[in-house]
Amino acid sequence: MLADALNSTPDGFAEALTLVDGLDDALVQGLARIDEDRATVLESFAAAFGGSPLADRIADTIGKIIAGTVTDEHLVVLAGARAALLGAAHDALRVSLDAALGRSRAAWSDSPVVSDNGHLLAGGRSWLRELAIAGWRGVDHELAGGAAQAVQSLLAAPGTRRLAVLLDGFAAELKATAPVATLPRIPVRRWADLWTRALLLSQDGYPHFEATPIDGRLVLLGVDLHEHPTVFQAQAHGLLETPDGTVRLVRTSVAAAKVDTISGPSAWRMLSAFPIFRGVVAEHRTVEVSGMGLTPAGDLIWDESRAAAGEPADPFAAARVRLGSATALPAAPLDRHPGALAEPVLLEGYGHAENAFDLGGGVSVALDLDRLPAAGPLTPALVGSSTACLGLLRWDGRWLLQPLAVQAVVRKKPVAAHTGDWALGPTEAKAAKAEAAAGTAVDVLRERAGRLLRK
Amino acid sequence: MTTDGADFERRGSAPVIAPVGPRKLAKVPFVELADGRLQGVVSSGSDIERVYVSSITAGDHGLSCNTNNNRPCGGLSGGSWACNHLRALADAAVAQYGLARVARYLKADLADGGDDLWSGLHTTTAPNRAAEVFASFLRHLSYLEVAPATDPLPELQWFPAAGAVR
Ligand SMILES: [Zn+2]
């Protein structure tokens, strides 16, 4: 039962996270200043890898860092070790959740194609090294802004967009909080997560997995929205039915660069290159897919020229009939992390507790209300009066349910609301008026860009 | 912010940047807290081709205001008494980031409950930074020209879209 998975912690899980916390704490003061207490913690971090293939390299790296030498090679070993622990934590959570949901998941079998972006990566790596040496507490305005040039060149090349988007979002947080020494609370795990991922993505030959062309019908379950100051992404979760009768649980995403003053419902305007995507999301239609690429990790690479809008299809009805038996796909090896879990589920027949759904038997699942975006119609009140919820189960220190759509009863009438309902603009009058006013911001900036950038 | 559950320090999705407030952009198309300054671009009231590039340094509260062609602003003219452009810049920054964040960044001495940013600034003059700030504005605008993307961006799971200010 789902309740069992939500209530239990896998064996060894807490110990793994304690090791991660020890390393993360060292990054607060910086690797140039390892005092005796932190040295002890780092030595136990190394000891935990005893007997593993990484044992010697980790022991050597930790020894050198404690002695005061921090090289790029040492940092890769640290990041790799941290990613290995969190990858194992991810696997343990996923296995228990899949068992509880009765979800079958394909095994990972693909071998990577090695990417070649070598010449572009050095700038990002040197910034990440400076950060690790200075520690979060040592981040001043100058260091926080030090990634700007690297981001510009990474953004311009198609193969390094992923790293550019990550570095830019990370740098924005450091810039917003510099000088970090005076910040009352530091997001220790978060910044270590972002640093680790960026460091691994900055290595030559980071593994990349090819997509395979596929035909079928995609039924959308819900849309998750992501944003930082310079990016907006809509990621749809759906069921892909192929002609051989297989139903796979997949994701498909569209993203656009933006600036911080474009946010809320008007951010959808930045996705104007994807009219079919926005239409099927807003109108809850199926998508006929012909020859679109599907990665082994379950990412359908959206392509407007390979998509056609189909019939209207209610996501709740689709989930009731098909979600339980759909095949899920595994995460790519280096993407395994508890924070990357976002497992679509349909919940019904729950009771309401404070910021939680009561699943009965004394078990409740907390609601991730911080993930209800301004760009969609879902509100805490709607979720609080809901009778059915399509959402993503996530893990962030505990299990959380992020609602993507709800069926509710408002003033005795049944209503449904989905995160993507405003993909073509808000459907509610007050929000539409606000969006029209905010939307002129996009026009003002585009006009300025046209005038100044093409001089 | 969540009060129960995991500590802020141990949450992968701990919120760091508060959502920016919506504001009109025609008068002040660009504001940022960067490089140790509150800086931005203010439209000229009279000439559509001209903008003023204005900045206030954090800590020293040094003022600078010049046109994009590097002419000094007549309203500031090397003094430490803010011109209308600097006032518009500060108003836009407060609308966008909130007074608390702007005051913290500039190290302004605001009395408890004080709501006037200028009352907490001990202004002085600062060197002309127009070229750097204008370059930053152009870089900002260049994001609007970056091609859209459909390849997976797995790290965006760490960046949920901004919630409504409810
Ligand atoms: Zn001026």
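Rules behind the numbers
Residues numbered from 1 in each chain as written. Chains lettered and ligands numbered in written order. Predicted model: local features only at pLDDT ≥ 70, side-chain atom pairs only at ≥ 80, totals over all residues. Heavy atoms only, no water. Helix = DSSP H or I, 4+ residues; strand = E, 2+ residues; numbered from the N terminus. Contact = heavy atoms within 4.5 Å. Buried area = accessible area lost by both parts, 1.4 Å probe. Salt bridge = Lys/Arg side-chain N within 4 Å of Asp/Glu carboxyl O. Polar contact = N/O pair within 3.5 Å; in protein donor to acceptor, adjacent residues only side chain to side chain. Nonpolar A, V, L, I, M, F, W, Y, C, P; charged D, E, K, R; others polar. Buried < 20%, exposed > 50% of the residue type's maximum accessible area, 1.4 Å probe, protein only. Pairing = 2+ DSSP bridges. Expected span 1.5 Å × (residues − 1). Arc of directions from axis to C-beta.

### Side note on the side chain of A:Arg371
Link 1 in the chain: Locating A:Arg371 in the fold gives a position in the loop between β14 (363-367) and α13 (380-384).
Link 2 in the chain: A:Arg371 has contacts with A:Arg394, A:Gln402, B:Ser13, B:Gln157 and B:Pro160, leaving out every residue within four places of it along the chain.

### Focus: the interface of chain B and chain A
Link 1 in the chain: Listed as interface residues are 60 residues of chain B and, on the opposing side, 89 residues of chain A.
Link 2 in the chain: Summing both sides of the interface, chain B and chain A together bury roughly 6,900 Å²; the carbon and sulfur share of this comes to 58%.
Link 3 in the chain: Across the contact surface, chain B and chain A share seven salt bridges.
Link 4 in the chain: In this structure, B:Glu9 engages A:Arg185 in a salt bridge whose closest nitrogen and oxygen atoms are separated by 2.7 Å.
Link 5 in the chain: On the surface where chain B and chain A come into contact, there are 30 residue pairs in polar contact (both at pLDDT 80 or more).
Link 6 in the chain: Looking at the side of chain B that touches chain A, the elements with two or more residues in it are α1 (84-97), α2 (99-106) and α3 (130-142) of chain B.
Link 7 in the chain: Residue contributions to the side of chain B that touches chain A peak at seven residues, all from α3(B).
Link 8 in the chain: Looking at side-chain class alone, the side of chain B that touches chain A contains 33 nonpolar, 12 polar and 15 charged residues.

### Re the pairing of strand β1 (residues 30-34) of chain B
Residues and elements named next belong to chain B.
Link 1 in the chain: Of all five residues in β1, five are buried; the element is thus mostly enclosed.
Link 2 in the chain: A two-sided burial pattern is seen for β1, the buried positions comprising Phe30, Glu32 and Ala34 on one face and Val31 and Leu33 on the other.
Link 3 in the chain: Of the strand pairs in this sheet, β1 and strand β2 (residues 37-43) are connected by five bridges, and their pairing is antiparallel. Opposite Val31, over in β2, you have Gly40 as the bridge partner.
Link 4 in the chain: Turn length for the β1-β2 hairpin, with the two strands adjacent in sequence and antiparallel, is two residues, and the turn residue Asp35 shows positive phi of about 55°.

### Some points on α3(B)
Link 1 in the chain: Here α3(B) spans 18 Å end to end across 13 residues, near enough to the 18 Å set by a 1.5 Å rise per residue.
Link 2 in the chain: Among the residues of α3(B), those classed as buried are B:Ala130, B:Val133, B:Phe134, B:Ser136, B:Phe137, B:His140 and B:Leu141. Around the axis of α3(B), the buried residues are gathered within 155° of arc, so they sit on the same side.
Link 3 in the chain: Buried residues in α3(B) make contact with α14 (429-453) of chain A together with β1, β2, β3 (51-57) and β4 (62-67) of chain B.

### Considering unusual backbone geometry
Link 1 in the chain: Residue A:Ala178 is joined to A:Pro179 through a cis peptide bond whose omega torsion reads -10°.
Link 2 in the chain: Checked against the element boundaries, A:Pro179 lands in the loop between α9 (161-177) and α10 (188-201).
Link 3 in the chain: Residue A:His284 is not a glycine yet carries a positive backbone phi of 50°.
Link 4 in the chain: Counting through the fold element by element, A:His284 comes out in the loop between α11 (275-283) and β7 (285-294).
Link 5 in the chain: Its identity is not glycine, yet B:Asn70 carries a phi of approximately 70°, on the positive side.
Link 6 in the chain: Locating B:Asn70 in the fold gives a position in the loop between β4 and α1.

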